[in-house]
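# Close look at the chain arrangement
One letter stands for each residue in the lines below.
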Amino acid sequence: MYEFLQETVASNMTRSVRSVAPEMTVGDLYRLFAKDDYDAYPVLRDDIVVGFVTKLDALKVFACPVDHMLPRYDDRMGTTVDEIMSSDVIAVEPDTNLQRVLQLMVAHRLKSLPVIDKYHHLVGIIAREDVMRALARCTKRQAPPLVPCETVRCLRLV
């Protein structure tokens, strides 16, 4: 477990990241979600992270209060990403410790975090799966070896 405490984002993040523009429509975003099977995308303007958009954000455009009529599908599909994205982005830098990433993910119920440099340029993304792989890798090295089944006696409780 101590090895995990030394792990950083830089050695566990995905470097090739697909992002979207704030001007992209929800219709295009839906097609991108279907094609890539991602849960979220960083939103970039002039190569700077300005937001984060999730599948839930894209679904919210179709939610309406009980006392309203159902929104027109075509109108909602024309909504732009900048209208639905979260501009309060929780991001980390490459030298961030994975334990800190885990704390942020749990506290804010996030599936992934954009990784940015000091200029807020996107350099990667760190997802729950990345953290889980690092944790498994680190604990596997430290786990005591399992005793083979044939050497263990089975006791029968009467």
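Once a new chain begins, its residue numbering starts again from 1 and follows that chain's sequence as written. Totals for whole chains, interfaces and linings use all residues, but because this is a predicted model, local features are given only for residues with pLDDT of at least 70 and pairs of side-chain atoms are given and counted only at 80 or more. Excluding hydrogens and water, the side-chain values take into account all heavy atoms of the structure.

The name recorded for the protein in an unreviewed UniProt entry is CBS-domain-containing membrane protein, from Bradyrhizobium elkanii.

So, about the pairing of strand β3 (residues 112-116). Every other side chain in a regular strand lies on the same face of the sheet, so the side chains alternate between the two faces. Of all five residues that make up β3, five are buried, and the element is covered over most of its length. The alternating pattern of β3 places Ser-112, Pro-114 and Ile-116 and Leu-113 and Val-115 on opposite faces, both of which are buried. Two strands make a pair as long as DSSP finds a minimum of two bridges between them. Runs of H or I in DSSP of at least four residues are treated as helices and runs of E of at least two as strands, each being numbered from the N terminus. Where β3 lies against strand β4 (residues 122-127), five bridges are found, and the strand directions are antiparallel. Each bridged residue has a counterpart across the sheet, and for Ser-112 the counterpart in β4 is Ala-127. Turn length for the β3-β4 hairpin, with the two strands adjacent in sequence and antiparallel, is five residues, and the turn residue His-120 shows positive phi of about 70°. Burial status follows relative accessibility: with a 1.4 Å probe on protein chains alone, a residue under 20% of its type maximum counts as buried, one over 50% as exposed, and anything between as partly exposed.

With that out of the way, let us pick up unusual backbone geometry. We note that Asp-47 has phi near 65°; this positive angle belongs to a residue other than glycine. Examined against the element boundaries, Asp-47 turns out to sit in the loop between β1 (40-45) and β2 (48-54). Despite not being glycine, Arg-109 has its phi angle at roughly 55°, a positive value. By relative accessible area, Arg-109 is classed as exposed at 74%.

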